Amino acid sequence: MSKDDKNALSDSFNADAYWGKAAASIEQQLADILAEARKSNVDPFVRSICGQMFDHTQPEKLVGWQAELLIEAVSELVYCAKSQLESHT
């Protein structure tokens, strides 16, 4: 029987603690995904999705749950674009 301590991130937290790394904040994760979006040339799409979700096209201003929600919405798009670029180089 597994221990259920209601902490879905406990394994990743323990790994970060083991390696001495601090977990990136949601805002830092958003900044990272926005940088990848610019490199992968999908930044206009990310900004459009932000506009549809939050009525503005400035995803860098999002914090907290809004940043997390945008990350969820665009992460697959950014990942696919990044993979496409890497496969063509």
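What you see is a predicted model, and the numbers here were worked out from it, not measured in a lab.

A. The arrangement of a nonpolar patch on the surface in detail. A cluster of nonpolar side chains, namely Met-53, Trp-65 and Leu-69, defines an oily patch on the protein surface of about 320 Å² accessible area. By relative accessible area, Leu-69 is classed as partly exposed at 39%.

B. Representation of the side chain of Asp-43 in the model. With respect to the helices and strands, Asp-43 occurs in helix 3 (residues 43-54). With a relative accessible area of 15%, Asp-43 lands in the buried category. Among residues more than four places away in sequence, those in contact with Asp-43 are Ala-37 and Arg-38.

C. Representation of the environment of Tyr-79. Along the polypeptide, Tyr-79 turns up in helix 4 (residues 64-87). Spatially, the C-alpha atom of Tyr-79 lies 8.6 Å from that of Ala-37, the residues being 42 residues apart in sequence.

D. Highlighting the packing of helix 3 against helix 4. Taken N-terminus to C-terminus, the directions of helix 3 and helix 4 make an angle of 140°; their axes are 10 Å apart at the nearest point. Viewed along their axes, helix 3 and helix 4 adopt a mutual orientation that is oblique. Of the two possible hands of crossing, helix 3 and helix 4 adopt the one that is right-handed. Across from Phe-45, Val-46, Ile-49, Cys-50, Met-53 and Phe-54 in helix 3, the residues of helix 4 making contact are Gln-66, Leu-69, Leu-70, Ala-73, Val-74, Leu-77 and Val-78. Considered class by class, the residues forming the contact of helix 3 with helix 4 number 12 nonpolar, 1 polar and no charged.

E. Representation of the confidence of the model for the protein chain. In this model, the protein chain carries a mean pLDDT of 84, and residues with pLDDT of at least 70 account for 73%. Taking the mean pLDDT of every element in the protein chain, the minimum, 55, falls on helix 1 (residues 10-19) and the maximum, 97, on helix 3.

F. Region of interest: the nonpolar core. In terms of nonpolar packing, the biggest core is built from 15 residues, with Leu-30, Ile-33, Val-46, Leu-62, Leu-70 and Val-78 touching the most fellow members. Secondary-structure elements contributing two or more residues to this core are helix 2 (26-39), helix 3 and helix 4. For this core, the leading source of residues is helix 4, giving 6 residues. Other than its neighbours up to four places away in sequence, Leu-30 contacts Pro-59, Leu-62, Ala-67, Leu-70 and Ile-71.

G. View of helix 2. Its 14 residues place the ends of helix 2 20 Å apart at the C-alpha level, agreeing with the 20 Å of an ideal helix rising 1.5 Å per residue. Buried residues of helix 2: Leu-30, Ile-33, Leu-34 and Ala-37, and no others. Across the axial projection of helix 2, the buried residues extend over an arc of 105°, all falling on one side. Summarising the contacts, the buried residues of helix 2 are in contact with helix 3 and helix 4. Of the residues one or two after helix 2, Asn-41 is the one with positive phi, at around 65°.

Calculation notes
- Residue positions are given per chain, counted from 1 along the sequence in the order it is written.
- pLDDT decides what is reported in this predicted model: residues at 70 or higher carry local features, side-chain atom pairs at 80 or more are listed and counted, and totals for whole chains, interfaces and linings draw on all residues regardless.
- With hydrogens and water stripped out, all remaining heavy atoms of the structure feed into the side-chain values.
- Each patch is assembled from residues with relative accessible area greater than 30% and no salt bridge, linking like charges that lie within 9 Å and nonpolar side chains (Val, Leu, Ile, Met, Phe, Trp, Tyr) that lie within 5 Å.
- Working definition of accessibility: Shrake-Rupley area with a 1.4 Å probe, residue cover restricted to the visible protein chains.
- What counts as a salt bridge is simple: a side-chain nitrogen of Lys or Arg found within 4 Å of a carboxyl oxygen of Asp or Glu.
- To sort residues, take the accessible area from a 1.4 Å probe on protein chains only and compare it with the maximum for the residue type: under 20% means buried, over 50% means exposed, and anything in between is partly exposed.
- In this description a helix means any DSSP run of H or I spanning at least four residues, a strand means any run of E spanning at least two, and both kinds are numbered starting from the N terminus.
- It only takes one pair of heavy atoms within 4.5 Å for two residues to be counted as in contact.
- Comment: axis = line fitted to C-alpha atoms, over the contacting stretch for helices; angle = value between 0 and 180 degrees taken between N-to-C directions.
- When an angle is under 35 degrees it counts as roughly parallel; over 145 it counts as roughly antiparallel; between 65 and 115 it counts as roughly perpendicular; any other value is oblique.
- Two helices cross in a left-handed way if the nearer one is turned anticlockwise from the farther one by less than a right angle. They cross in a right-handed way if the turn is clockwise.
- The residue classification treats Ala, Val, Leu, Ile, Met, Phe, Trp, Tyr, Cys and Pro as nonpolar and Asp, Glu, Lys and Arg as charged. All others, Gly included, are polar.
- What pLDDT reports is the predictor's confidence in each residue, on a scale of 0 through 100.
- As used here, the term nonpolar core means buried Ala, Val, Leu, Ile, Met, Phe, Trp, Tyr and Cys residues forming a set that is joined through side-chain atoms within 4.5 Å.
- Each helix should span, by expectation, one fewer than its residue count multiplied by 1.5 Å.
- Directions drawn from the helix axis to the C-beta atoms are what define this arc.

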